[in-house]
Amino acid sequence: MSDRHITTDEAWVPDACTLPTAERPLRLAEFDRFFTAAVRGIDRLSTQHLRLRLDGAARVEELARDLTARESSCCSFFTFDLSRSDPDSLSLDVRVPAAHVDVLDALAERAVSLRTER
């Protein structure tokens, strides 16, 4: 059995997600806006580790902290780490356990596709 199922709009949602079904399209739209507006680069460091290089603006950091905190509350298998190597560089590391690699794959694919559509 896969860890994700495909909804009618072809969006992924992990089976382990506790977010109410009615709220899932709204959260997906939030991630889409975030990926489109904030992501400047994407690095897949391992099968279980994705790094998103973000716009370094303070508002992006605030949005990333809010969005990842809410996502962690419904999908507790995600580990999100936000860091700055300097005032203009912001990175979001996303990690999952081996059992949820397909969810990270879907997240990475979505981020890449939205970034290239710009």
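Here the residue numbering is sequential within each chain, running from 1 through the sequence in written order. Per-residue local features are limited, in this predicted model, to residues with pLDDT of at least 70; the limit for side-chain atom pairs, both in listing and counting, is 80 or more; totals at the level of whole chains, interfaces and linings are taken over all residues. Heavy atoms from the whole structure form the basis of all side-chain values; hydrogens and water molecules are not counted.

1. Things to note about helix 2 (residues 58-74)
This is how it is decided: Under the DSSP-based scheme used, a helix requires at least four consecutive residues in state H or I and a strand at least two consecutive residues in state E, with every element numbered from the N terminus. Helix span, expected: 1.5 Å multiplied by one less than the number of residues in the helix. Exposure categories follow from relative accessible area, calculated using a 1.4 Å probe and restricted to protein chains: below 20% of the type maximum is buried, above 50% is exposed, and the middle band is partly exposed. Think of it as the arc spanned by the lines of direction from the helix axis to the C-beta atoms. Any two residues having at least one pair of non-hydrogen atoms within 4.5 Å are treated as being in contact.
With 17 residues, helix 2 should cover 24 Å at 1.5 Å per step; its first-to-last C-alpha distance of 25 Å lies within 8% of that length. Where helix 2 is concerned, the buried positions are Val-60, Glu-61, Ala-64, Leu-67, Thr-68, Glu-71 and Cys-74. One face of helix 2 carries all of its buried residues, which in axial projection span an arc of 160 degrees. Counted as exposed and oriented over 90 degrees from the buried face of helix 2: Ala-58, Arg-59, Glu-62 and Ser-73. Tucked into the core, helix 2 has its buried residues touching helix 1 (24-38), strand 4 (49-54), strand 5 (79-86) and strand 6 (89-95).

2. Quick look at the pairing of strand 5
Applicable threshold: Only strands joined by at least two bridges in the DSSP assignment are considered to pair.
Pairing analysis gives seven bridges linking strand 5 to strand 6, with the strands arranged antiparallel. By the bridge assignment for strand 6, Asp-81 is matched with Asp-93.

3. Remarks on the sheet that holds strand 3 (residues 39-46)
The criterion, for reference: Working convention: axes come from line fits to C-alpha atoms, limited for helices to the stretch in contact. Angles between N-to-C directions cover 0 to 180 degrees.
Strand order across the open sheet formed by four strands is 3-4-6-5, with antiparallel pairing between neighbours. The sheet terminates laterally at strand 3 and strand 5, the two strands that pair on one side only. Each strand of the sheet is rotated relative to its neighbour by a mean of 20 degrees, with strand direction disregarded. As judged from the six bridges shared by strand 4 and strand 6, these two strands associate in the antiparallel manner. Paired with Arg-53 across the bridge in strand 6 is Ser-91. The sheet strands contacting helix 1 are strand 3, strand 4 and strand 6, and the helix crosses strand 3 at an angle near 105 degrees. Each of strand 4, strand 5 and strand 6 is contacted by helix 2, which is oriented at about 165 degrees to strand 5, the strand it contacts most.

4. Topic: the state of the cysteines
Applied cut-off: For this text, the term disulfide refers to a pair of cysteine sulfurs within 2.5 Å.
Inspection of every chain in the model, using the stated rule, returns zero disulfides. Note on Cys-74: no disulfide assigned, nearest cysteine sulfur contributed by Cys-75 at a separation of 4.0 Å. With relative accessibility at 5%, the residue Cys-74 sits in the buried group.

5. Section: the pairing of strand 4
Here strand 3 runs beside strand 4; their pairing, made up of six bridges, is antiparallel. The partner of Ile-42 across the bridge, within strand 4, is Leu-52. Between the antiparallel neighbours strand 3 and strand 4 lie two residues.

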